[in-house]
Amino acid sequence: MDIKYQLKTAVLFLIFNRPDTTKQVFEAIKKAQPLRLYIGSDGPRESKTGETKIVHAVREFVINNIDWDCEVKTLFRDRNLGCGNAVSSAISWFFDNEEAGIILEDDIMPSQSFFIFCEELLKKYKDEDKIWHIGGFNSDNSIAKGEGSYYFSKKVHVWGWATWKRAWKYYDFDMKSFSYFNENHIIERIFKYKDLQEYSIGNFKKCYEKRIDTWDYQWTYTILSHGGVAVIPNKNMISNIGFGANATHTKDGKSLFANIKRFEIMEICYPELISVNDKMDYDYFCKEYYGNDSFIENPLKWLKNKFKKLLLKNILPIPIKKSRQE
């Protein structure tokens, strides 16, 4: 379904070395015709033969195919910074120039209504300090949560999202406040369920200790440590099309998170209250992490999957696979 719409909100498009997925995501951006388009690209890795040519070709493709009236700004790195620094610094550059905006990576395919959804909610909540993040992804869109088109959550998904400069200014890649956060057990005030606490602290600690090269757990930490919440749509509007052998994190093409069906939201209905249902967040976490609804609904499968996760805990650095090709 084509939706005729010209986007007034700026878009940051993060590209690298994947011409196939980049072209598909760019076509979706092209249909929305944002008035301002920012393009960020990490530099090629010296250790990867032929990557310089691919990275430059991807950049040229995007630049040469902007055929609508659009202000374009680029941040093309000469050397490789790695996933964490390259992405987070590009987002900071974006918000040095914009008060609000939409962020898409090169393997994150949005529905067209995703752009409308983000633009409307960026305007609606621009002065609402409690809301820090607007997401477009929902892997658990089988049952609507509340009567609105979206609900509020402490779950933060970065497969297609938007935020404001007012929120991003608190982002700290190095998580300098984490020691205080951890020593004072602040996570227990945020999540009431033990395994969700442990999962979150485990990932935060790996980022703090620089054991994984990423940027998004730091963003989640920023939001939660400041008492913020995220928006999750009741109908999914994002597909990660980057799963496969050529990916770094998302190699399993048969993953339940690969190529999830996208929907168009034709009318946005607004929830009356800004409130988070802890049980709904926990059920969502269980479906993503354990592969079932909850201990109450399916205790044997829950225990089986929890045991499997515990066995793999010290082998896999990131329990839920992520979406960056670097």
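Check the entry above for the structure.
Rules used throughout
- Residues numbered from 1 in each chain as written.
- Predicted model: local features only at pLDDT ≥ 70, side-chain atom pairs only at ≥ 80, totals over all residues.
- Heavy atoms only, no water.
- Helix = DSSP H or I, 4+ residues; strand = E, 2+ residues; numbered from the N terminus.
- Buried < 20%, exposed > 50% of the residue type's maximum accessible area, 1.4 Å probe, protein only.
- Contact = heavy atoms within 4.5 Å.
- Core = buried A, V, L, I, M, F, W, Y, C linked by side-chain atoms within 4.5 Å.
- Phe/Tyr/Trp six-rings, centres within 6.5 Å; stacked < 30°, edge-to-face > 60°.
- Pairing = 2+ DSSP bridges.
- Expected span 1.5 Å × (residues − 1).
- Axes fitted to C-alpha atoms, helices over the stretch in contact; angles between N-to-C directions.
- Salt bridge = Lys/Arg side-chain N within 4 Å of Asp/Glu carboxyl O.

S.K.: It is not clear to me how the environment of Ala10 should be interpreted in this structure. Could you clarify?
M.R.: Mapped onto the fold, Ala10 is located in the segment before β1 (11–15). Under the relative-accessibility criterion, Ala10 is labelled buried at 0%. Distance from Ala10 to Phe94, taken between C-alpha atoms, is 9.0 Å for residues 84 residues apart in sequence. Ignoring sequence-local partners within four residues, the contact set of Ala10 consists of Arg36, Tyr38, Phe94, Glu98, Gly101 and Ile102.

S.K.: Would you take a moment to explain the nonpolar core for this structure?
M.R.: Generally speaking, nonpolar side chains in soluble globular proteins are found buried as a group. Formed by 47 residues in total, the largest nonpolar core has its most connected members in Leu37, Ile102, Phe115, Phe117 and Ile134. No other element matches the six residues that helix α4 (residues 112–124) contributes to this core. Contacts of Phe115, omitting those with residues within four sequence positions, involve Leu7, Val11, Ala28, Ile29, Ala32, Ile102, Leu104 and Pro110. Counting residues in each nonpolar core, the second largest holds 25 residues, with Leu75, Trp93, Trp132 and Phe173 among its members.

S.K.: What's the story with the packing of aromatic side chains in this structure? I'm lost.
M.R.: The description of an aromatic ring pair uses the distance of the two centres, along with the angle that the planes make with each other. What the rule picks out here adds up to 28 aromatic pairs. With a centroid separation of 4.9 Å and 45 degrees between ring planes, the pair formed by Trp168 and Trp219 is classed as tilted. Here Trp168 is found in helix α5 (residues 165–168), whereas its partner Trp219 is found in helix α9 (residues 216–225), with 51 residues between them in sequence. For the ring pair Phe181 and Phe204, a centre distance of 6.4 Å and an interplane angle of 75 degrees mean the geometry is edge-to-face.

S.K.: Can you walk me through the pairing of strand β8 (residues 161–164) in this structure?
M.R.: It is a general feature of regular strands that their side chains alternate between the two faces of the sheet. The two faces of β8 match: Trp161 and Thr163 on one face and Ala162 and Trp164 on the other face are all buried. Of the pairings in the sheet, the one linking strand β4 (residues 100–105) to β8 comprises four bridges and is antiparallel in character. Considered in β8, the bridge of Ile102 is made with Ala162. Looking at chain direction, strand β6 (residues 131–135) and β8 are connected through two bridges and run antiparallel. Across the sheet, Ile134 pairs through a bridge with Ala162, a residue of β8.

S.K.: Explain helix α3 (residues 83–97) here, please?
M.R.: Spacing of three or four residues puts side chains on the same side of an α-helix, whose turn is 3.6 residues. A rise of 1.5 Å per residue sets the reference length of α3, with its 15 residues, at 21 Å; its end C-alpha atoms lie 22 Å apart and thus fit the reference within 8%. Looking only at α3, the buried set comprises Cys83, Gly84, Ala86, Val87, Ser88, Ala90, Ile91, Trp93, Phe94 and Phe95. Buried residues along α3 sit in contact with β1, β2 (36–41), β3 (71–76), β4, β8 and α5.

S.K.: Hey, could you run me through the sheet that holds β3 in this one?
M.R.: Strand pairing in a sheet takes place through backbone hydrogen bonds and is either antiparallel or parallel in direction. The eight strands are arranged β3-β2-β1-β4-β8-β6-β9-β7 in an open sheet whose pairing can be described as mixed. At either end of the open sheet lies a strand with only one pairing partner, and these are β3 and β7 (150–153). Put simply, the sheet's adjacent strands are angled 25 degrees from each other on average, direction ignored. Direction of pairing for β1 relative to β2: parallel, over a ladder of five bridges. Its bridge partner lying in β2, Phe13 is registered against Ile39. Running over the sheet, α9 touches β6, β8 and β9 (229–233) and is turned about 140 degrees from β6.

S.K.: Just checking my understanding: could you explain the pattern of salt bridges for this structure?
M.R.: It is possible for side chains bearing opposite charge to pair when their charged atoms get close. The final tally for this structure, using the stated rule, is 13 salt bridges. In this structure, the salt-bridge partner of Glu99 is Lys165, at a minimum N-O distance of 3.5 Å. Of this pair, Glu99 sits in the loop between α3 and β4 while Lys165 sits in helix α5, and the two are 66 residues apart along the sequence.

S.K.: Even after reading the chapter, I still don't get the environment of Tyr125, so can you show me in this structure?
M.R.: Locating Tyr125 in the fold gives a position in the loop between α4 and β6. Residue Tyr125 is classed as buried on the basis of its relative accessible area of 5%. Excluding its chain neighbours within four sequence positions, the residues that come into contact with Tyr125 are Ile131, Tyr150, Phe152, Trp164, Arg166 and Ile274.

S.K.: Just to check I follow, could you spell out α9 for this structure?
M.R.: Counting buried positions over the 10 residues of α9 gives nine, a clear majority of the element. Along α9, the residues that are buried comprise Asp216, Tyr217, Gln218, Trp219, Thr220, Tyr221, Thr222, Ile223 and Leu224.

S.K.: Sorry, what's going on with unusual backbone geometry here?
M.R.: Glycine aside, the phi torsion of most residues is negative, and most peptide linkages are trans. Backbone geometry places Gln33, a non-glycine residue, at a positive phi of 45 degrees. Locating Gln33 in the fold gives a position in the loop between α1 (19–32) and β2. At Lys210, a residue that is not glycine, the phi angle is positive and equals roughly 60 degrees. Given a relative accessible area of 45%, Lys210 falls into the partly exposed group.

S.K.: What am I meant to see in the pairing of β4 here?
M.R.: In terms of burial, β4 is largely enclosed, as six of its six residues are buried. Here β4 shows a buried face lined by Ala100, Ile102 and Leu104 and a second buried face lined by Gly101, Ile103 and Glu105. In the sheet, β1 pairs with β4 via four bridges, with the strands oriented parallel. From the neighbouring strand, Val11 faces β4, where its bridge partner is Ile102.

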